[in-house]
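For reference, the chains in residue letters:
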Amino acid sequence: MAIPTGRGPAPEKSYVPEGPVVQENLGKKAPARTLQDLLQNPYDESLFDHHATSQIVVVGLDGAVRKVGEPAVYRDATPSPDGSLLLVERVKHPYSYSLQEDSFPHSVEVWDLEGALVHLVTDQPLQDQVPIAFGSVPTGPRAVDWRDDAPAELVWVEALDGGDGGAEAELRDRVLTLAAPFAGEPVELLTLGNRYGGVMWGHDDLAFVVSWWWKTRNMKTWRVHPGERAKAPVLVNERSFQDRYNDPGRPFMHTGKFGRQVILTADKGRTVFLRGDGASPDGDRPFVDAWNVESGAKERLFRSDAPYYESPVEVLDVKKRVLLTRRESQTEPPNYFVRELGKDKLEQKTAFPNPTPQLEGITKELITYERADGVPLTGTLYLPAGYDKDRDGPLPVLMWAYPTEFKSAQDAGQVTDSPYRFTRVGWWSPMMFLARGYAVLDDPSMPIIGEGDEEPNDTFVIQLVSSAQAAVDELARRGVGDPDRMAIGGHSYGAFMTANLLAHSDLFRAGLPRSGAYNRTLTPFGFQAEERTVWEAPEIYFAMSPFMHAEKVNEPLLLIHGEADNNSGTFPMQSERYYNVLKGHGATARLCFLPHESHGYRARESVLHMLWESEP
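Going along each chain's sequence as written, the residues are numbered from 1 onward. For a predicted model such as this one, the threshold for reporting local features is a pLDDT of at least 70, and the threshold for listing and counting side-chain atom pairs is 80 or more; totals across whole chains, interfaces and linings nevertheless cover every residue. Each side-chain value is derived from all of the structure's non-hydrogen atoms; neither hydrogens nor water enter the calculation.

Peer 1: Give me the lowdown on the sheet that holds strand S12 (residues 206-213), citing residues and values where you can.
Peer 2: Note: two strands are recorded as paired if DSSP finds a minimum of 2 bridges between them. Secondary structure counts use DSSP, requiring at least four H or I residues in a row for a helix and at least two E residues in a row for a strand, with both numbered from the N terminus. Overall, antiparallel pairing links the four strands, which are arranged S11-S12-S13-S14 in an open sheet. Single-partner strands in this sheet number two, and they are strand S11 (195-203) and strand S14 (234-240). Between one strand axis and the next, the sheet turns through 15° on average, direction left out of account. Here six bridges tie S11 to S12, and the two strands are oriented antiparallel to one another. Within S12, the residue paired with Val-199 across the bridge is Val-209. Axis angles are defined between N-to-C directions and span 0 to 180 degrees, where every axis is a line fitted to C-alpha atoms and, for a helix, only to the segment in contact.

Spelled out as structure tokens, the structure:
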């Protein structure tokens with residue numbers, strides 16, 4: 001373990017750098033996404049060193065503490081599975097004023113338990129030339145870790161395409177291993193045409209390697225044989241990672257003989273147990289499958305049935321097929337159960353009460369409808385307790401949404417929720433409006449689709465307005481929503497969506513954007529799922545920026561933002577500047593900054609004030 005130490009006393013707050021703070025670039029291309037909360041001067045560097053410096057120690061069962069190595073800025077220190085070595089990642093100077101800590105120079109080393117260097121895996125410089133194209137990575141060894149099912153064997157990945165996700169290449173990554181004592185050359189596990197996405201270890205004859213590629217949304221899972229490298233990898237699954245209906249699930253893991261998580265197997269390693277969300281046109285129905293990795297045959301052991309949403313947590317007994325599950329319904333909060341599959345026996349183990357009795361009696365329905373271009377859409381409709389459509393008529397509505405980019409209309413139209421889940425309330429939750437007599441449409445689909453060579457954002461505004469129009473029309477058709485009394489809200493990219501809908505449509509009477517970005521030229525090297533820069537697609541940046549269309553907004557907006565927002569792109573300045581242009585055009589707007597809050601709000605005072613500001 002590593003314990004924080006600091007390096008002597010903290011630097012004085014009155015410290016002023018001697019002379020100007022200078023940055024320079026000598027002709028090399030070093031683009032970077034819009035980042036914030038970066039180091040700005042030598043004082044920040046010394047303060048970072050003070051707070052980030054730690055000492056690696058070994059703590060005995062008797063409480064004795066022994067120091068290993070010297071104090072430094074460590075990212076990680078992980079014992080080998082057999083406990084004989086340490087894998088240490090150490091951050092080094094010079095630091096950067098334009099990149100985050102994860103791009104600082106660093107070394108990855110193997111130590112013995114006395115702190116002596118056994119093997120240097122890599123010594124990386126400042127990562128200031130990694131391309132900004134999605135799928136770009138540093139060159140050299142990365143994602144260095146221990147193999148979970150071996151005593152002391154390193155695994156890492158290296159780029160074969162120069163790390164440039166924007167370059168054409170047949171092969172992208174190579175996965176390598178090297179066992180202690182780390183003599184000789186690394187041994188290849190496999191090469192990948194996509195980018196490496198991680199490995200799940202089982203035993204010498206079983207491991208799964210995942211790869212992905214953003215541009216196509218393609219994901220592949222390969223079975224490899226770590227103990228017999230001559231055996232060719234076998235592709236066991238390929239799909240779009242946005243295709244939830246065809247997700248086969250992930251293997252259950254358990255604690256292996258070295259105390260690390262490895263794939264749970266039965267039948268002498270031939271059977272793997274998979275768990276998945278079970279996405280379907282009827283909503284999510286979690287499942288457990290037994291999969292024979294040799295024959296490929298699968299047996300469905302469990303699937304959640306209405307009116308419950310029951311998700312598997314652990315396999316407690318492989319032979320008896322006993323599961324620990326988490327079960328809930330619209331009216332019953334989540335609790336844990338032991339389910340014996342062979343006996344169809346269910347035993348409740350916890351009895352957590354309803355944490356929000358104020359919402360008892362509300363109704364919830366997963367609704368489906370269609371956009372004008374034929375794309376199926378979904379949303380979760382909540383109605384207040386005691387509401388009767390025939391008696392009470394259409395209600396005022398709050399829609400709370402977040403747009404998502406897709407490369408396939410088929411994937412975009414998939415159902416992404418379950419009608420049987422218990423209603424949860426978080427600090428961001430729009431459910432408060434139910435207690436004020438509103439209907440709430442939570443997470444109505446806002447897909448932004450760009451198939452083939454088209455980019456989703458080429459028609460962002462058109463698709464966004466069309467999705468919102470479909471939701472408004474559906475609530476009006478059902479007779480539960482009053483189209484003249486609808487509000488739209490969202491957080492982060494949902495706030496960006498909210499401002500765009502008010503600028504480009506008259507569907508809503510008010511907007512509740514929180515912690516958003518409204519001027520995309522302030523994120524010039526890309527944002528969200530947009531890979532192009534402002535110089536490559538200036539018309540896209542202009543069209544998508546509600547800041548540039550503030551004169552069209554004629555509905556009230558309540559802008560809320562954390563004063564210390566550290567999320568990429570959503571500077572507090574974004575809300576401040578947007579409010580100023582709204583005010584300059586005579587809009588009805590209110591701006592609220594929450595002190596000391598980041599991108600999400602945490603303090604009780606902040607959350608309560610946010611609710612007070614939002615009171616309908």
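Peer 1: Tell me about the pattern of salt bridges, residues and numbers included.
Peer 2: Salt bridges, as used here, are contacts in which a Lys or Arg side-chain nitrogen is within 4 Å of a carboxyl oxygen on Asp or Glu. Counted according to the given criterion, the structure contains 46 salt bridges. Across the pair Asp-123 and Lys-92 runs a salt bridge whose closest N-O atoms are separated by 2.7 Å. With Asp-123 in strand S6 (residues 117-124) and Lys-92 in the loop between strand S4 (85-91) and strand S5 (106-112), the pair connects residues that are 31 residues apart, well separated along the chain. Taking relative accessible area as the criterion, Lys-92 reaches 22% and is therefore assigned partly exposed. Close ionic contact of Asp-344 with Arg-339 constitutes a salt bridge, the shortest N to O distance being 3.7 Å. Exposed residues in this analysis have more than 50% of their type's maximum accessible area, buried residues have under 20%, and partly exposed residues fall in between, with area computed by a 1.4 Å probe over protein chains only.

Peer 1: Which residues make up the pairing of strand S28 (residues 395-400), and what values go with them?
Peer 2: Among the six residues that make up S28, six are buried, leaving the element largely enclosed by the rest of the structure. Bridging between S28 and strand S32 (residues 481-491) involves five bridges; their strand directions are parallel. From the neighbouring strand, Leu-398 faces S32, where its bridge partner is Ala-487. Note: S28 against strand S30 (residues 439-442), four bridges, orientation parallel. From the neighbouring strand, Met-399 faces S30, where its bridge partner is Leu-441.

Peer 1: Hey, could you go over the sheet that holds S28 for me, with residue numbers and the actual values?
Peer 2: Strand order in the open sheet made by the eight strands is S26-S27-S30-S28-S32-S33-S34-S35, with mixed pairing throughout. The sheet is open, and its two edges are formed by strand S26 (363-370) and strand S35 (589-594), each paired on a single side. Ignoring strand direction, the axes of neighbouring strands in this sheet form an average angle of 20°. Against the sheet, helix H4 (residues 460-478) engages S26, strand S27 (376-383), S28, S30 and S32, with an angle of about 125° to S26. Contacting strand S33 (510-514), strand S34 (557-562) and S35, helix H8 (residues 604-614) crosses the sheet at an angle of about 175° to S35. Residues count as neighbours in contact if any of their non-hydrogen atoms are within 4.5 Å of one another.

Peer 1: Describe the nonpolar core, and please don't skip the residues or the numbers.
Peer 2: The nonpolar side chains of a soluble globular protein tend to be buried with one another. By nonpolar core we mean a set of buried residues, namely Ala, Val, Leu, Ile, Met, Phe, Trp, Tyr and Cys, connected to one another through side-chain atoms within 4.5 Å. Within the largest apolar cluster, 54 residues are counted, with the highest numbers of intra-cluster contacts made by Met-399, Leu-475, Phe-508 and Tyr-578. Excluding its chain neighbours within four sequence positions, the residues that come into contact with Leu-475 are Ile-367, Leu-381, Val-397, Met-399, Leu-441, Val-480, Gly-481 and Met-486. Residues Ile-362, Met-431, Tyr-438 and Leu-512 belong to the second largest nonpolar core, which totals 20 residues.

Peer 1: Pulling in residues and values, what's your account of the side chain of Thr-533?
Peer 2: Summarising the element assignment, Thr-533 is placed in the loop between S33 and helix H6 (538-544). The exposure class of Thr-533 is buried, given its relative accessible area of 10%. Leave out the neighbours within four places in its chain, and Thr-533 touches Ile-132, Pro-524, Phe-525 and Tyr-541.

Peer 1: Outline the packing of H4 against helix H5 (residues 493-504), supporting the account with residue identities and numerical values.
Peer 2: What describes two packed helices is the angle between their axes and the distance between those same axes. Relative orientation of the contacting elements H4 and H5 amounts to 85°, with a least axis distance of 10 Å. The angle between H4 and H5 falls in the class roughly perpendicular. In contact with Phe-460, Val-461, Leu-464, Val-465 and Ala-468 of H4, H5 contributes Tyr-493, Phe-496, Met-497, Asn-500, Leu-501 and His-504. Note on residue classes: Ala, Val, Leu, Ile, Met, Phe, Trp, Tyr, Cys and Pro are nonpolar, Asp, Glu, Lys and Arg are charged, and everything else, Gly too, is polar. Of the residues belonging to the contact of H4 with H5, the class tally is nine nonpolar, two polar and no charged. Oblique is the label for any angle not covered by the other classes, which are roughly parallel (under 35 degrees), roughly antiparallel (over 145) and roughly perpendicular (65 to 115).

Peer 1: Go over unusual backbone geometry with me, naming the residues and quoting the values.
Peer 2: The step from His-93 to Pro-94 runs through a cis peptide bond, and the omega angle for that step is 5°. Inspection of the secondary structure assignment puts Pro-94 in the loop between S4 and S5. Cis geometry marks the peptide bond from Ala-180 to Pro-181; its omega dihedral reads 15°. Counting through the fold element by element, Pro-181 comes out in the loop between strand S9 (173-179) and strand S10 (187-192). Despite not being glycine, Ala-143 has its phi angle at roughly 50°, a positive value. Inspection of the secondary structure assignment puts Ala-143 in strand S7 (residues 142-146).

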